[in-house]
Amino acid sequence: MMDNRKMVTHSMQGAFVFVLLGLFAVMSTLMVLLGAQMYRNTVDHATANNQGRVLSAYVRSMIRAEDGADAVTVEDYDGVRTLALHEEIEGEPYVTWLYCYEGQLYEQFTGADREFEPASGTAICPVKHFVPKLEGSLLTVFLVDGEDEMSEVRVGLRCAG
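So, a few notes on the structure that sits alongside this text. Keep in mind the model is a prediction, meaning the values are calculated, not measured. (Residues numbered from 1 in each chain as written. Predicted model: local features only at pLDDT ≥ 70, side-chain atom pairs only at ≥ 80, totals over all residues. Heavy atoms only, no water.)

### Examining the nonpolar core
Phase 1 of the analysis: Counting 19 residues, the largest nonpolar core has Val59, Ile63, Leu83, Leu105, Phe130 and Val141 as its most contacted members.
Phase 2 of the analysis: Secondary-structure elements contributing two or more residues to this core are α1 (2-65), β2 (80-89), β5 (122-135), β6 (138-145) and β7 (150-156).
Phase 3 of the analysis: In this view, Leu83 contacts Ile63, Val72, Thr73, Val74, Thr96, Trp97, Leu98, Phe130, Pro132, Leu139 and Val141; residues no more than four positions away in its chain are not counted.
Phase 4 of the analysis: In terms of nonpolar packing, the next biggest core, distinct from the first, is built from seven residues, Val95, Trp97, Tyr99 and Phe116 among them. (Core = buried A, V, L, I, M, F, W, Y, C linked by side-chain atoms within 4.5 Å. Buried < 20%, exposed > 50% of the residue type's maximum accessible area, 1.4 Å probe, protein only. Helix = DSSP H or I, 4+ residues; strand = E, 2+ residues; numbered from the N terminus. Contact = heavy atoms within 4.5 Å.)

### Concerning the packing of aromatic side chains
Phase 1 of the analysis: All told, the structure shown has seven aromatic pairs when counted by the stated rule.
Phase 2 of the analysis: When the ring of Trp97 is compared with that of Phe116, the centres are 4.9 Å apart and the planes differ by 70°; the resulting orientation is edge-to-face. Residue Trp97 is located in strand β3 (residues 92-101), and its partner Phe116 is located in the loop between β4 (104-111) and β5; the two are separated by 19 residues in the primary sequence.
Phase 3 of the analysis: We classify Phe116 as buried; its relative accessible area is 11%.
Phase 4 of the analysis: Aromatic side chains Tyr99 and Phe116 sit 4.8 Å apart centroid to centroid with 85° between the ring planes, which places their arrangement in the edge-to-face category. Separated by 17 residues along the polypeptide, Tyr99 in strand β3 and Phe116 in the loop between β4 and β5 bring together distant segments of the chain. (Phe/Tyr/Trp six-rings, centres within 6.5 Å; stacked < 30°, edge-to-face > 60°.)

### Overview of the environment of Glu75
Phase 1 of the analysis: By the secondary structure assignment, Glu75 is in strand β1 (residues 72-77).
Phase 2 of the analysis: Apart from residues lying up to four places away in sequence, Glu75 is in contact with Val80, Arg81, Thr82, Ala84, His86 and Trp97.
Phase 3 of the analysis: Polar side-chain contacts of Glu75 include one of 2.4 Å to the side chain of Tyr77.
Phase 4 of the analysis: A distance of 3.3 Å separates polar atoms of two side chains, one belonging to Glu75 and the other to His86. (Polar contact = N/O pair within 3.5 Å; in protein donor to acceptor, adjacent residues only side chain to side chain.)

### Looking at the pairing of β4
Phase 1 of the analysis: In the sheet, β3 pairs with β4 via eight bridges, with the strands oriented antiparallel. In the sheet register, Thr96 faces β4, and the bridge partner there is Phe109.
Phase 2 of the analysis: The turn joining β3 and β4, which pair antiparallel and follow one another in sequence, is formed by two residues; a positive phi near 50° is taken by Glu102.
Phase 3 of the analysis: Here β4 runs beside β5; their pairing, made up of four bridges, is antiparallel. Its bridge partner being in β5, Leu105 is matched across the sheet by Cys125. (Pairing = 2+ DSSP bridges.)

### Considering a negative patch on the surface
Phase 1 of the analysis: A contiguous patch of negative charge, built from Glu88, Glu90, Glu92 and Asp113, is present on the exposed surface.
Phase 2 of the analysis: In this structure, Glu92 sits in strand β3.
Phase 3 of the analysis: Accessibility expressed as a relative area gives 46% for Glu92, which makes it partly exposed. (Patch = residues over 30% accessible without salt bridge, like charges linked within 9 Å, V, L, I, M, F, W, Y side chains within 5 Å. Areas by Shrake-Rupley, 256 points an atom, 1.4 Å probe, with all protein chains shown as cover. Salt bridge = Lys/Arg side-chain N within 4 Å of Asp/Glu carboxyl O. Lys, Arg positive; Asp, Glu negative; His and termini not counted. Charge placed at Lys NZ, Arg CZ, Asp CG, Glu CD.)

Structure follows, in structure tokens:
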């Protein structure tokens, strides 16, 4: 009779250890999955935040680089609103157009005598809206990036003519 009790007690202890190990494995797996999801959310949020800041900084730096007398204009071509940045290189006039086309912010650099062709530009990053507006020497650009984050770039043109 004594041997049966020891066997039952020993079996119960073994089952208890097995249940504890199983519970530990399940909890460990859940912790890893939750941690991975939290990390993924953090990275996605940081990427979206950085994209919006990079987009605003890019537009601002392009404007500042070409801030000369009558060098920054807002122009419309077949329903595409562009920010035109004019410059002269070795006596030849050039223009850089920034515009929204097919869900992307595009940049097109070409001779000032060439026609604007939206498809000929270079895609910079996803953008849903790019609306430049020039009022006197204040240039305002309204942006909505690919993640529907709205931002506004305001630049007081130093050399507005």
